[in-house]
Amino acid sequence: MKKWIALLLAFGMNAAYAEDGKGLGNEKFGEVCAGCHGEVPVPRAMKRSDMAQYPPEKIFKALTSGLMLTQASALSEVEKRAIAQAVSNTPWGTVKEVD
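This report concerns the structure included in the present document. (Residues numbered from 1 in each chain as written. Predicted model: local features only at pLDDT ≥ 70, side-chain atom pairs only at ≥ 80, totals over all residues. Heavy atoms only, no water.)

**Section: the layout of surface pockets**
Quantified by volume, the largest pocket comes out at close to 580 Å³. Forming the walls of the largest pocket are 22 residues, and the residues nearest its centre are His 37, Met 51, Ala 62, Leu 67 and Met 68. At the level of elements, helix 2 (23-37), helix 4 (56-65) and helix 5 (77-87) are the ones that each hand at least two residues to the lining of the largest pocket. Top element by residues in the lining of the largest pocket is helix 2. It accounts for five residues. Classifying every residue of the lining of the largest pocket gives 17 nonpolar, three polar and two charged. (1 Å grid on protein atoms, 1.4 Å probe; cavity = no way out; pocket = protein on both sides within 12 Å on 5 of 7 lines; lining within 4 Å. Points joined across faces, edges and corners; volume = space filled by probe spheres on them. Helix = DSSP H or I, 4+ residues; strand = E, 2+ residues; numbered from the N terminus. Nonpolar A, V, L, I, M, F, W, Y, C, P; charged D, E, K, R; others polar.)

Right, dumping it as structure tokens:
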């Protein structure tokens, strides 16, 4: 019985994440990034709505090897990619080159 409950809970959580395709990214952004990149950002930090104009590859690059490397160091690569996809208004893979 406990196994069934665990499976149902796990399925429900996955369904919630899959609902908009950005669940994990939104969750991790809220936990790790929103303190500085919320609607009232700290000085010199971009608002999330401003970051949305960038392709997810550029946001991912900032998290993995750019200015946000230290702040994102506790995140897994999957979580970093999920954040990039959740923040950007551009689908992953539609931009030819990211500088």
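**A closer look at unusual backbone geometry**
Residues other than glycine seldom take positive phi values, yet Arg 44 does so here, at roughly 75°. If you trace the backbone, Arg 44 turns up in the loop between helix 2 and helix 3 (48-51).

**Quick look at the pattern of salt bridges**
Evaluated as defined, the whole model comprises two salt bridges. A salt bridge links Glu 31 to Lys 28, with the shortest nitrogen-to-oxygen separation between them at 3.1 Å. Here the residue Glu 31 and the residue Lys 28 both occupy positions in helix 2, the gap between them amounting to three residues, near one helical turn. Under the relative-accessibility criterion, Lys 28 is labelled buried at 15%. One salt bridge connects Lys 28 with Glu 79, and the closest N-O pair in it is separated by 3.5 Å. In this pair, Lys 28 sits in helix 2 while Glu 79 sits in helix 5, placing the two residues 51 residues apart along the sequence. Residue classification places Glu 79 among the buried residues on the basis of a relative accessible area of 16%. Linked through salt bridges whose partners overlap, the residues forming this network are Lys 28, Glu 31 and Glu 79. (Salt bridge = Lys/Arg side-chain N within 4 Å of Asp/Glu carboxyl O. Buried < 20%, exposed > 50% of the residue type's maximum accessible area, 1.4 Å probe, protein only.)

**Here we look at the nonpolar core**
Membership of the largest hydrophobic core is limited to 11 residues, which are Phe 29, Cys 33, Met 51, Ile 59, Phe 60, Leu 63, Ala 72, Leu 75, Ile 83, Ala 84 and Val 87. Going through the elements one at a time, helix 2, helix 4 and helix 5 are the ones with two or more residues in this core. The residues touching Cys 33, leaving out its near neighbours within four places in the chain, are Lys 28 and Ile 83. (Core = buried A, V, L, I, M, F, W, Y, C linked by side-chain atoms within 4.5 Å. Contact = heavy atoms within 4.5 Å.)

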